[in-house]
Amino acid sequence: NKLTYQIGNLKKLSSLVEKTVVCDFRVQDVEFGGQGAPLVPIGDELLFSDYDFCLNLGGFANVSTKTNSTRIAYDICPVNIVLNRYVSKLGYDFDDSGKIASIGKMNPELLSELNGLDFYNLNPPKSLGLEWVRDIVFPIIDNYNLSVEDILRTFIEHCAFQISRETGKKEDAFILITGGGVYNSFLIERLKTFTNNKIVIPDKNLIEFKEALIFGLLGVLKLRGEINCLRSVTGAKKDHSSGQIYYP
């Protein structure tokens, strides 16, 4: 319906902070027939082009890369949205360094069923959401009646396999990994066993604030009247300079 709802995109912000504010980056893209997301790949293109893949490990794993000189980006698989749900049954907010997963036993049947989900055979652009996980993934996992440790162990293997399947499409590639999932050492360890490509984990600031940094860049590009939204990743009818500029 060409509708998107974002909070905080108000002219009042500029008067409150007494600064020029650039915000509301998604609405114009939706008007141009795009999804309004992802917005980060323009930053990957301009700031991190030395890397073959920019991989973010958050609630979902998503990746940005170049194919035939065109920047594309898409979701790969769920990560923390699943891991955190099950470890919460043990009273934890997250599995610190993947220690609980590391003592679990992998269930081959569950792993096979997860890897066989239709989504993984779709071509990009493609994206995932909570609804898909809630309706498809959780019921599959719950059907096995496994311990939390075994669920975490199996799902880590699933994540590592799916991520390596996508990033393995290029040989001798450099993969920049950011997002909270980087701190799951067991996931990173399993990922390394599936790939011969070079995994690069940057400093803490870049791990945690890469997206914030790039949103700052979106504002700079808008102020310059330069492209900050790519049709190849959002599906819009054209590349464009998106956002609203508000002055105090």
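That block above? That's the structure.
Nothing here was measured: the structure is a model prediction, and the numbers come from that model.

Our next topic: the packing of helix H8 (residues 148-167) against helix H9 (residues 185-194). Put simply, H8 and H9 touch, their axes get as near as 9 Å, and they point 45 degrees apart. The angle between the axes of H8 and H9 places the two elements in the oblique class. The crossing of H8 and H9 is right-handed. For the pair formed by H8 and H9, the contact residues are Arg153, Ile156, Glu157, Cys159, Ala160, Phe161, Ile163 and Ser164 on the first element and Phe186, Leu187, Arg190, Leu191 and Phe194 on the second.

Moving on, we get to the environment of Gly58. Counting through the fold element by element, Gly58 comes out in the loop between strand E2 (53-57) and strand E3 (60-67). Placed 20 residues apart in sequence, Gly58 and Pro78 show a C-alpha to C-alpha distance of 8.3 Å. Not counting chain neighbours up to four residues away, the residues in contact with Gly58 comprise Val79 and Asn80.

Moving on, we get to the side chain of Glu166. For Glu166, the location among the structural elements is in helix H8. Judged by its relative accessible area of 7%, Glu166 is buried. Once residues within four sequence positions are removed from consideration, Glu166 is found in contact with Phe53, Tyr74 and Ile76.

Time to look at the nonpolar core. Counting 46 residues, the largest nonpolar core has Leu55, Val137, Ile141 and Ile177 as its most contacted members. Among the elements that make up this core, the one with the highest residue count is H8 (eight residues). Listed in part, the eleven residues of the second largest apolar core include Val22, Leu217, Leu218 and Val233.

It is worth spelling out the packing of aromatic side chains at this point. The geometry of an aromatic ring pair is captured by two quantities: the separation of the ring centres and the angle between the planes. Inspection of the entire model under this criterion finds six aromatic pairs. Judged by centre distance (5.9 Å) and plane angle (80 degrees), the rings of Tyr86 and Phe138 are edge-to-face. Linking Tyr86 in helix H4 (residues 80-87) with Phe138 in helix H7 (residues 130-142), this pair joins segments that are 52 residues apart in sequence. Note on accessibility: Tyr86 and Phe138 belong to one class, buried. In this structure an aromatic cluster arises from ring pairing among Phe119, Tyr120 and Trp132. Just above the ring of Phe53 sits the side chain of Lys170; from NZ or CZ to the centre is 5.1 Å.

Quick look at the pattern of salt bridges now. Side chains carrying opposite charge are able to pair once their charged atoms draw close together. The tally for this structure, following the rule as stated, stands at nine salt bridges. One salt bridge connects Glu45 with Lys66, and the closest N-O pair in it is separated by 2.9 Å. Of this pair, Glu45 sits in helix H3 (residues 41-47) while Lys66 sits in strand E3, placing them 21 residues apart in sequence. What makes Lys66 partly exposed here is its relative accessible area of 35%. For Glu157, the salt bridge goes to Arg190, with nearest N and O atoms at 2.8 Å. Taken together, the residues span a long stretch of sequence, with Glu157 in helix H8 and Arg190 in helix H9 at a distance of 33 residues. One exposure class covers both Glu157 and Arg190, and it is buried. Each of the salt bridges in this network shares a partner with another, and the network as a whole consists of Glu45, Lys66 and Arg71.

What follows covers the environment of Leu230. Locating Leu230 in the fold gives a position in the loop between helix H10 (204-224) and helix H11 (231-234). Spatially, the C-alpha atom of Leu230 lies 9.5 Å from that of Gly34, the residues being 196 residues apart in sequence. The residues contacting Leu230, other than those within four sequence positions of it, are Pro41, Ile42, Arg71 and Asp239.

Parameters at a glance
- Residues numbered from 1 in each chain as written.
- Predicted model: local features only at pLDDT ≥ 70, side-chain atom pairs only at ≥ 80, totals over all residues.
- Heavy atoms only, no water.
- Axes fitted to C-alpha atoms, helices over the stretch in contact; angles between N-to-C directions.
- Helix = DSSP H or I, 4+ residues; strand = E, 2+ residues; numbered from the N terminus.
- Parallel < 35°, antiparallel > 145°, perpendicular 65-115°, else oblique.
- Left-handed = near helix turned anticlockwise from the far one by under 90°.
- Contact = heavy atoms within 4.5 Å.
- Buried < 20%, exposed > 50% of the residue type's maximum accessible area, 1.4 Å probe, protein only.
- Core = buried A, V, L, I, M, F, W, Y, C linked by side-chain atoms within 4.5 Å.
- Phe/Tyr/Trp six-rings, centres within 6.5 Å; stacked < 30°, edge-to-face > 60°.
- Lys NZ or Arg CZ within 6 Å of the ring centre and 35° of its normal.
- Salt bridge = Lys/Arg side-chain N within 4 Å of Asp/Glu carboxyl O.

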